[in-house]
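Survey of secondary and tertiary structure
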Amino acid sequence: MSNISVVSTKPYEGQKPGTSGLRKKVKVFTQQNYTENFVQCILDANGAALNGSLLVVGGDGRYYCKEAAELIIRMCAANGVAKLLVGQNGILSTPAVSSLIRNHKALGGIVLTASHNPGGPENDFGIKFNCENGGPAPDAVTNNIYQLSTAIKEYKIVNGLEIDISKIGTNTYDINGKPFVVDVIDSVANYVAHMKEIFDFEKLRDFVSGKTSGKPLKMRIDSLNGVTGSYVREIFLNALGAAENCVVHTIPLPDFGGLHPDPNLTYAKDLVETVAQGDYDIGAAFDGDGDRNMIIGHRAFFVTPSDSLAVIANNLECIPYFKKNGIQGFARSMPTASAVDLVGKKLGKEVFEVPTGWKYFGNLMDAGRLCLCGEESFGTGSNHIREKDGIWAVLAWLSVMQHTGKGIEDILKDHWAIYGRNYFTRYDYEECELDPCNEMIATMEKNITDPSFIGKSYTSGGKTYKVKVADNFSYTDPVDKSLATKQGLRIVFEDGSRIVIRLSGTGSSGATVRLYIDSYEKDNVLGLASEMLKPLIDIALEISQLPKFTGRNAPTVIT
Ligand code: VG1
Ligand code: CO
């Protein structure tokens, strides 16, 4: 059948992908041709490679995911794609998409998610493109998509294409005499098989059931009604034999049941309060699309993501994947505290510091220089895929617990005794007005990059800090030499303590200011982060004049 329609359209402003894809309110995406425009630009950005290609399509199940998946299928049919792998009901976690792209050697994948942003008709939706290595498209590709979006005139679609993505199976269509195949696949099978290759499930199963210790592990795994629900049930209940009450909020809901699917101490409150009562050995939560994780121990002992990365790095030998593939370098995003650097140094491995956003890790992994990396924003992962991976992180932690025979708090205390401790905190000021925030950053950049700023001393709470380095972070990719500038203002003091401030690139409206503070202590490792970092926070607020510019006296979220 010849049924391709060419529909004329006009550009929309602002289709510029941020830290990880385009994120806007559902109401923005559902405007006439808005989603169509952006999808057409993603397809066009692939050029001739699109013809006859295989793509993966799926998302976190939030409101508008299914409609968008069906639309993408009809547009791919009209744009020369040969085959699609689509998660059942349009559902695939972000790590699962990455794994599928690599496993099937696909050209890429279209991921339907706004990640940790709330969902539902009044909230956020998002679309991002992942390339053939399975990772989020690098800046060059997203810039191209954006450029195309400013000049788009038409999109192509096969309107009459009937598809039922609730049924697993292969659907073949004839598009102008060429076959077009849509394989609706089980959302979890490939990912679960992948995890079983990486970890020793037999050992973990005995550990979880208490076969070796005599005591079953008490876990509370909270999917916050995000996409990980089905993955969690398959992995923790069916494969590891945990009891039903070890997992909660495992039904993916279009609005996440009103929960804010961001695994941090503020939004995963129910988990933190429940585990704080003392009945659990480990608590974990994920974000909407399953790439983030939060780990807490007995009585809700909090593991900062920066420490989580370092502890996993220090124990990689207990994960069969690394035994088999070896240990290459480590990496972290610039705002992430440098605990992993110390482990890298001890093991004699390269350690990279990249800008915020998982896309910056991809080249290093592809070049065989990086096997483990993380971000302070609850992102941890390895080169098994090219996205951060929430469930992987929990399985890594279970492996470390099994291997050391210790609880989470003791594992951390042992780690600090060897390496010292990187105290870390992040303050988020959400939904501020954009213009004053831009002005704040511009003013601060000007002040801190003035040569007279170096060597200045600031005193607060009886502590004095002297400025050693201050800049707006820029990064040259060691592999392809691409340059990323203006990645966050950074003040490094002589004792290694840091103040970092940047504007979020994942919000859908207004501006979110992120203020990151970290400080290293060799011996004084058992203090309270909030107290230890108080002087530096005050100094950061003074230098940035944040209260003046944003009108805020307190952050929305403290991590
Ligand atoms: C945030 C985090 C960043 C993370 C990104 C995507 O970006 O800070 O570390 O990679 O979200 O995570 P920003 O620009 O808002 O600070 V996810 O789980 O939302 O895809
Ligand atoms: Co996410």
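Residues numbered from 1 in each chain as written. Chains lettered and ligands numbered in written order. Predicted model: local features only at pLDDT ≥ 70, side-chain atom pairs only at ≥ 80, totals over all residues. Heavy atoms only, no water.

**Looking at the overall build of the protein chain**
In terms of helices and strands, the protein chain carries 19 helices and 26 strands. Relative to its length of 559 residues, the protein chain is compact, with a C-alpha radius of gyration of 23 Å against a globular reference of 24 Å. In terms of overall dimensions, the protein chain has a C-alpha envelope of 75 × 60 × 40 Å along the principal axes. In the protein chain, which comprises 559 residues, the share counted as buried stands at 59%. Expressed as a percentage of contacts within the protein chain between residues at least 6 apart in sequence, the contacts between residues at least 24 apart total 71%. As displayed, the protein chain offers around 21,300 Å² of accessible surface, 49% of which is attributable to carbon and sulfur atoms. Averaging the locations of the 57 positively and 64 negatively charged side chains of the protein chain gives two centres separated by 3 Å. (Helix = DSSP H or I, 4+ residues; strand = E, 2+ residues; numbered from the N terminus. Rg over C-alpha atoms; globule rule 2.2 N^0.38 Å. Buried < 20%, exposed > 50% of the residue type's maximum accessible area, 1.4 Å probe, protein only. Contact = heavy atoms within 4.5 Å. Areas by Shrake-Rupley, 256 points an atom, 1.4 Å probe, with all protein chains shown as cover. Lys, Arg positive; Asp, Glu negative; His and termini not counted. Charge placed at Lys NZ, Arg CZ, Asp CG, Glu CD.)

**Some remarks on the coordination of the cobalt ion (ligand 2)**
Coordination sphere of the cobalt ion (ligand 2), protein contribution only: Ser115 (OG), Asp287 (OD), Asp289 (OD) and Asp291 (OD), at 1.9 to 2.2 Å. Each donor residue of the cobalt ion (ligand 2) lies on the same chain, and together they follow the pattern S-x171-D-x1-D-x1-D. One end of the pair, serine 115, is in the loop between strand E5 (108-112) and strand E6 (124-130); the other, aspartate 291, is in the loop between strand E12 (282-286) and strand E13 (293-297), with 176 residues separating them in the sequence. The pair serine 115 / aspartate 291 is uniform in exposure class, with both members buried. (Donors = N, O, S within 2.8 Å, 3.2 Å for Na, K, Ca; no water.)

**Points about the layout of surface pockets**
Considered as a void within the structure, the largest pocket measures approximately 1,200 Å³ in volume. Taken together, 37 residues make up the lining of the largest pocket; nearest its centre are Gly18, Thr19, Leu503, Ser504 and Gly505. Those elements giving two or more residues to the lining of the largest pocket turn out to be strand E2 (22-25), helix H5 (139-149), helix H16 (434-448), strand E24 (498-503) and strand E25 (511-521). With four residues, H16 is the single largest residue contributor to the lining of the largest pocket. Per-class residue counts for the lining of the largest pocket are nine nonpolar, 20 polar and eight charged. (1 Å grid on protein atoms, 1.4 Å probe; cavity = no way out; pocket = protein on both sides within 12 Å on 5 of 7 lines; lining within 4 Å. Points joined across faces, edges and corners; volume = space filled by probe spheres on them. Nonpolar A, V, L, I, M, F, W, Y, C, P; charged D, E, K, R; others polar.)

**Notes on helix H18 (residues 534-544)**
Inspection of H18 places Pro535, Leu536, Ile537, Ile539, Ala540, Ile543 and Ser544 among the buried residues, and these make up the whole buried set. Downstream of H18 by one or two residues, glutamine 545 has phi in the positive range, about 55°.

**Concerning the site of ligand 1**
Near ligand 1 you find 19 residues, and of these Thr19, His116, Ser377, Ser504 and Thr506 are the closest. At 2.7 Å from an oxygen atom of ligand 1 is found a side-chain nitrogen or oxygen belonging to glutamate 375. A molecule is said to occupy a pocket when more than half its atoms come within 2 Å of that pocket's grid points, and by this definition ligand 1 occupies the largest cavity. Here the residues of the shell around ligand 1 are counted per class, giving no nonpolar, ten polar and nine charged. (Near = heavy atom within 4 Å. Polar contact = N/O pair within 3.5 Å; in protein donor to acceptor, adjacent residues only side chain to side chain. Sits in = over half its atoms within 2 Å of the grid points.)

**Some remarks on the sheet that holds E2**
In space, the seven strands of this open sheet follow the order E2-E6-E5-E3-E4-E9-E8, with mixed pairing throughout. The open sheet has two edge strands, E2 and strand E8 (169-175), and neither has a second partner. Within this sheet the neighbouring strands show an average axis-to-axis angle of 15°, counted without direction. Bridging between E2 and E6 involves four bridges; their strand directions are antiparallel. Looking across to E6, one finds that lysine 25 is bridged to aspartate 124. Against the sheet, helix H2 (residues 34-45) engages E2, strand E3 (54-59), E5 and E6, with an angle of about 15° to E6. (Pairing = 2+ DSSP bridges. Axes fitted to C-alpha atoms, helices over the stretch in contact; angles between N-to-C directions.)

**With respect to the UniProt feature "domain: Alpha-D-phosphohexomutase alpha/beta/alpha" (unreviewed entry) in the protein chain**
This chain's UniProt record puts "domain: Alpha-D-phosphohexomutase alpha/beta/alpha" (unreviewed entry) on residues 15-155, 190-296 and 308-419. Secondary structure content for residues 15-155 is 36% helix and 23% strand, and the end C-alpha separation is 15 Å. For residues 190-296, helix accounts for 36% and strand for 14%, while the C-alpha atoms at its two ends are 28 Å apart. (UniProt positions renumbered as here; feature names shortened; annotations may be inferred.)

**Description of empty space enclosed by the protein**
On inspection of all chains with the given rule, the structure shows four cavities of 30 Å³ or more. In this structure, the largest cavity occupies an estimated 230 Å³ of space. Taken together, 25 residues make up the lining of the largest cavity; nearest its centre are Thr19, Arg292, Ser377, Lys388 and Thr506. Residues of the lining of the largest cavity, tallied by class, amount to three nonpolar, ten polar and twelve charged. One number sums up the size of the second largest cavity: a volume of about 100 Å³. What lines the second largest cavity is a set of 15 residues, among which Pro17, Gly21, Lys128, Phe129 and Thr142 lie closest to the centre. When contributions to the lining of the second largest cavity are tallied by element, the ones reaching two or more residues are H2, E6 and H5. Top contributing element to the lining of the second largest cavity by residue count: E6, with three residues. Residues that form the lining of the second largest cavity fall into these classes: eight nonpolar, five polar and two charged.

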